[in-house]
Amino acid sequence: MKNNAMLIHEKDNVIVVLEAIEKNQNIVYTNSRGKQVMLSPLQSIPIYHKVAICPIHKNEVVLKYGEKIGWAMRDIAKGEWVHTHNLSSIANELERKADTV
C-alpha cells in the first residue's frame, strides 16, 4: 500500500498528510521503525495538515520535526486533525509575548 502521509521525525506525535484525506479513507505512513502503519482519520484532513498518531492530552506538547510546535488546547484523539482549533502554537505564544513588551 502506498504512503499518503509522512512521519517527519521519530519523536513526532503527528504526521503530515501528503494528499487531502476523506474521513472514510485510511491514512498510511511509515513509522520510526520502518513499519508501514494504517490510521483511520476521525474527520477529513486537508492536504499537508497534521494528524495525531497517538492521543495527545490537553496542555501536552505537540511535536513536529522533532521539535515542540505548540500545546494541545484540549484532548486530541489518535487520528484527529491537529490545527488551530486544537493547537496553541509556539508562534502564537511568541506573538502574544511581543505584544506585551
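Just above sits the structure.
Residues numbered from 1 in each chain as written. Predicted model: local features only at pLDDT ≥ 70, side-chain atom pairs only at ≥ 80, totals over all residues. Heavy atoms only, no water.

Along the polypeptide, isoleucine 56 turns up in the loop between strand S5 (50-52) and strand S6 (61-64). The exposure class of isoleucine 56 is buried, given its relative accessible area of 0%. In contact with isoleucine 56, other than residues within four places in its own chain, are Asn13, Val14, Val61, Val62, Ala72, Arg74, Asp75 and Ile76. (Helix = DSSP H or I, 4+ residues; strand = E, 2+ residues; numbered from the N terminus. Buried < 20%, exposed > 50% of the residue type's maximum accessible area, 1.4 Å probe, protein only. Contact = heavy atoms within 4.5 Å.)

Glancing now at the pattern of salt bridges. Tallying each qualifying case throughout the model produces one salt bridge. Residues arginine 74 and glutamate 80 are paired through a salt bridge, measuring 2.6 Å at the closest nitrogen-oxygen approach. (Salt bridge = Lys/Arg side-chain N within 4 Å of Asp/Glu carboxyl O.)

Glancing now at unusual backbone geometry. Leaving glycine aside, a negative phi is the common case for residues, and trans is the common case for peptide bonds. You will see that asparagine 59, though not glycine, has its phi angle at about 75°, which is positive. Summarising the element assignment, asparagine 59 is placed in the loop between S5 and S6. Note on asparagine 59: relative accessible area 55%, which makes it exposed. A positive phi angle, near 65°, is found at tyrosine 65, a position not held by glycine. Counting through the fold element by element, tyrosine 65 comes out in the loop between S6 and strand S7 (67-72). You can call tyrosine 65 partly exposed: its relative accessible area is 48%.

So, about the nonpolar core. Membership of the largest hydrophobic core is limited to 11 residues, which are Ala5, Leu7, Ile15, Val17, Ile21, Ile27, Tyr29, Leu39, Ile45, Val51 and Ile53. At the level of elements, strand S2 (14-17) and strand S3 (27-30) are the ones that each hand at least two residues to this core. Apart from residues lying up to four places away in sequence, isoleucine 27 is in contact with Asn4, Ala5, Ile15, Val17, Ile21, Val37, Met38, Leu39, Pro41 and Val51. Val14, Ala72, Val82 and Leu87 belong to the second-largest nonpolar core, a separate cluster that totals nine residues. (Core = buried A, V, L, I, M, F, W, Y, C linked by side-chain atoms within 4.5 Å.)

Let's shift gears to the side chain of asparagine 86. Turning to its location among the elements, asparagine 86 is positioned in the loop between strand S8 (81-82) and strand S9 (87-89). Classification of asparagine 86 as buried rests on a relative accessible area of 0%. A distance of 2.9 Å separates a polar side-chain atom of asparagine 86 from the backbone oxygen of tryptophan 81. When near neighbours in sequence (up to four residues on either side) are disregarded, asparagine 86 contacts Trp71, Ala72, Met73, Arg74, Ile76, Glu80 and Trp81. (Polar contact = N/O pair within 3.5 Å; in protein donor to acceptor, adjacent residues only side chain to side chain.)

Moving on, we come to the sheet that holds strand S1 (residues 5-6). Pairing is antiparallel across the open sheet formed by four strands, whose spatial order is S1-S2-S5-S8. Lying at the two open borders of the sheet, with one neighbouring strand each, are S1 and S8. One ladder, built from three bridges, connects S2 with S5; its direction is antiparallel. Following the sheet pairing, valine 16 is matched in S5 by lysine 50. (Pairing = 2+ DSSP bridges.)

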